[in-house]
Amino acid sequence: MNRTLLVLFYMFILCSFPAMAQKYTYDYDAAGNRTKVLLYKSGDASASKDSIIDKVGGVEFRLYPNPTKGQLILETSGIKSGTKMVCSIWNESGQIVTQQTIENPNAIRFDLSNQPNGFYILRLQYGEKQKTWNVLKQ
């Protein structure tokens, strides 16, 4: 009896590890509706704690840390040279907290440390395209 319980316990532990090693991230549209779910499994080199990785066309974005305590970084790769990007962060009231216009960005840094805790929307416009992400400031 004890041996059966021990075997069941080990099976439970072994079956639990893959579930614990998974991370889900979500993408939302401007209205707050979930549009995409990304699942990262253990050993996925592109998965990093508290980051959102998103591909749109040939452009890859990595937003981290999310949630943030103040500093927020958006890394880009695959953007054509000379592309102008407009990045803005909006608060829950629909007001622009910060806005930057950048050419040829690799990493864009935002400072939300002087903002109250809550949800924000990061909106990125480049060329004819637009992308938004939800950001949580703790």
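1. Regarding the overall build of the protein chain
Line of reasoning, step 1. Secondary structure summary: the protein chain contains 1 helix and 10 strands in total.
Line of reasoning, step 2. Going from N to C terminus, the protein chain has its helices and strands arranged as α-β-β-β-β-β-β-β-β-β-β.
Line of reasoning, step 3. Relative to its full complement of 138 residues, the protein chain shows a buried share of 30%.
Line of reasoning, step 4. The contacts of the protein chain with a sequence gap of at least 6 include a subset with a gap of at least 24, amounting to 40%.
Line of reasoning, step 5. Accessible area of the protein chain: about 8900 Å², with a carbon and sulfur share of 53%.

2. Description of the side chain of Thr83
Line of reasoning, step 1. Relative to the helices and strands, Thr83 resides in the loop between strand E5 (71-77) and strand E6 (84-90).
Line of reasoning, step 2. On the accessibility criterion, Thr83 (16% relative accessible area) is buried.
Line of reasoning, step 3. With near-sequence residues (within four places) excluded, Thr83 lies in contact with Ile102, Glu103, Asn104, Pro105, Tyr126 and Gly127.

3. A short note on the sheet that holds strand E8 (residues 107-111)
Line of reasoning, step 1. Spatial ordering of the open sheet is given by E3-E4-E5-E8, a layout of 4 strands whose pairing is antiparallel. Both edges of this open sheet fall to strand E3 (52-56) and E8, since each of them pairs with a single strand only. On average, each strand axis in the sheet is inclined to that of its neighbour by 15°, with strand direction left out of account.
Line of reasoning, step 2. Of the pairings in the sheet, the one linking E3 to strand E4 (residues 59-64) comprises 5 bridges and is antiparallel in character.

4. Considering the nonpolar core
Line of reasoning, step 1. In this structure, Phe61, Leu63, Leu74, Phe110, Leu122, Leu124 and Trp133 are the most contacted members of the largest nonpolar core, which totals 20 residues.
Line of reasoning, step 2. Listed by contribution, the elements that provide at least two residues to this core are E4, E5, E6, E8, strand E9 (118-126) and strand E10 (129-137).
Line of reasoning, step 3. Ranked by residue count, the leading element in this core is E9, at 4 residues.
Line of reasoning, step 4. In this structure, Phe61 is in contact with Ile52, Ile53, Asp54, Val56, Leu74, Glu75, Thr76, Ile79, Met85, Leu124, Tyr126 and Trp133, ignoring residues within four places of it in sequence.

5. Looking at the sheet that holds E9
Line of reasoning, step 1. Pairing is antiparallel across the open sheet formed by 4 strands, whose spatial order is E7-E6-E9-E10. If you trace the sheet from one side to the other, it starts and ends with strand E7 (96-103) and E10, each paired once. Sheet twist, expressed as the average angle between the axes of neighbouring strands with direction ignored, equals 15°.
Line of reasoning, step 2. With 6 bridges joining them, E6 and E9 adopt antiparallel strand pairing. Residue Ile89 lies in a different strand from E9, and its bridge partner there is Leu122.

Cut-offs used in this document
- Residues numbered from 1 in each chain as written.
- Predicted model: local features only at pLDDT ≥ 70, side-chain atom pairs only at ≥ 80, totals over all residues.
- Heavy atoms only, no water.
- Helix = DSSP H or I, 4+ residues; strand = E, 2+ residues; numbered from the N terminus.
- Buried < 20%, exposed > 50% of the residue type's maximum accessible area, 1.4 Å probe, protein only.
- Contact = heavy atoms within 4.5 Å.
- Areas by Shrake-Rupley, 256 points an atom, 1.4 Å probe, with all protein chains shown as cover.
- Pairing = 2+ DSSP bridges.
- Axes fitted to C-alpha atoms, helices over the stretch in contact; angles between N-to-C directions.
- Core = buried A, V, L, I, M, F, W, Y, C linked by side-chain atoms within 4.5 Å.

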